[in-house]
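# Fold and geometry: a report
For reference, the chains in residue letters:
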Amino acid sequence: MFTGIIEELGEVVAVEEGADSSRITVRGQVTTTDAPHGASIAVNGACLTVTDTEAKGGEVTFDVMAESLRRTVLGDLAVGDAVNLERAMVLGARLDGHLVQGHVDGTATITQRRPGDRWEEVRLAIDPALAPFVVEKGSICLDGVSLTLTVAGDDHVEVALIPTTMELTTLGRKGVGDRVNVEVDILGKYVQRMLALDPKDPR
């Protein structure tokens, strides 16, 4: 479980592509210091498992399977790309963002960026299938960043980025046409599931 509060910007240092999988090695200063084999790290919001810590200091490697490549933008990563990194949360710590599983639901494409005085409004096109799970002033996770929705439409959403978010995460570097990973609020998914169930069906 994660919070959507990015700990650092890491860098992709190696990508090995397989037939339907990929091995990605990332360098970081903070998140890799206590990341043993089997640890969970959110990379651009996707929960990945450390499978190799034998690389040079500050580097960890992840095996990314076909399902993750299909649902996320991890397959677009190349050597030199910056990535948002967050270690799994510690039970009992402050929850400054919102509950994030690192289970990406799909992707969104940036369609507009509107600069403000000290912030920026960003509009993204989302899969209409995800629209029922987004609400104005609710939470959404974009590339691993916990954000508050300012607009929730049938096929688009909008968020406002403060200077800190633009400086310390990849969202400050993304432009129109770029894709990001999306995880909607887990509470919305449970509510939809419960409403779809037949109360007379014991299954």
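These numbers were taken from a predicted model, which means no experiment stands behind them.

### Points about the pattern of salt bridges
A pair can form between side chains of opposite charge whenever their charged atoms are brought close. Across all of its chains, the model carries 15 salt bridges by this definition. For Arg87, the salt bridge is made with Asp34, and the minimal N-O distance between the two is 3.1 Å. Separated by 53 residues along the polypeptide, Arg87 in strand β6 (residues 82-87) and Asp34 in the loop between β2 (22-27) and β3 (40-43) bring together distant segments of the chain. Owing to a relative accessible area of 23%, Arg87 belongs among the partly exposed residues under this scheme. Connected through salt bridges with shared partners, the residues Arg114, Glu121, Arg123 and Glu158 form a single ionic network.

### Points about the side chain of Arg113
Note that Arg113 resides in strand β7 (residues 106-115). A polar contact is formed between the side chain of Arg113 and the backbone oxygen of Lys174, at a distance of 2.5 Å. Sequence-distant contacts of Arg113, that is, excluding residues within four places in its chain, are made with Glu120, Glu121, Val122, Leu161, Met166, Leu171, Gly172, Lys174 and Val176.

### With respect to empty space enclosed by the protein
Space left empty within the atom packing is revealed by a probe, the size of a water molecule, rolled over the atoms. Summed over the entire model, instances satisfying the criterion amount to one cavity of 30 Å³ or more. In this structure, the largest cavity occupies an estimated 60 Å³ of space. As for the largest cavity, its lining consists of Ile110, Arg113, Val122, Leu124, Leu142, Val159, Leu161, Leu171, Lys174 and Val180. Class assignment for the residues of the lining of the largest cavity results in eight nonpolar, no polar and two charged.

### Remarks on the environment of Leu195
In this fold, Leu195 is placed in helix α3 (residues 186-196). Of the residues examined, Leu195 reaches a relative accessible area of 70% and is grouped as exposed. Along the primary structure Leu195 and Leu99 are separated by 96 residues, whereas in three dimensions their C-alpha atoms are 22 Å apart.

### What about the UniProt feature "domain: Lumazine-binding" (unreviewed entry) in the chain?
The sites that carry the UniProt feature "domain: Lumazine-binding" (unreviewed entry) are, in the present numbering, residues 1-98 and 99-195. Strand forms 42% of residues 99-195 and helix 16%; the C-alpha atoms that close the span are 22 Å apart.

### Some points on the side chain of Thr170
Relative to the helices and strands, Thr170 is located in the loop between α2 (163-168) and β12 (179-184). Discounting chain neighbours no more than four positions away, the residues touching Thr170 are Leu9, Asn44, Ala82, Val83, Asn84 and Asp143.

### Some details on α3
Along α3, only one of the 11 residues are buried, which leaves the element largely exposed. N-cap assignment for α3: the residue whose side-chain oxygen lies 3.1 Å from the backbone N of Leu187 is Asp185.

Calculation notes
- Residues numbered from 1 in each chain as written.
- Predicted model: local features only at pLDDT ≥ 70, side-chain atom pairs only at ≥ 80, totals over all residues.
- Heavy atoms only, no water.
- Salt bridge = Lys/Arg side-chain N within 4 Å of Asp/Glu carboxyl O.
- Helix = DSSP H or I, 4+ residues; strand = E, 2+ residues; numbered from the N terminus.
- Buried < 20%, exposed > 50% of the residue type's maximum accessible area, 1.4 Å probe, protein only.
- Polar contact = N/O pair within 3.5 Å; in protein donor to acceptor, adjacent residues only side chain to side chain.
- Contact = heavy atoms within 4.5 Å.
- 1 Å grid on protein atoms, 1.4 Å probe; cavity = no way out; pocket = protein on both sides within 12 Å on 5 of 7 lines; lining within 4 Å.
- Points joined across faces, edges and corners; volume = space filled by probe spheres on them.
- Nonpolar A, V, L, I, M, F, W, Y, C, P; charged D, E, K, R; others polar.
- UniProt positions renumbered as here; feature names shortened; annotations may be inferred.

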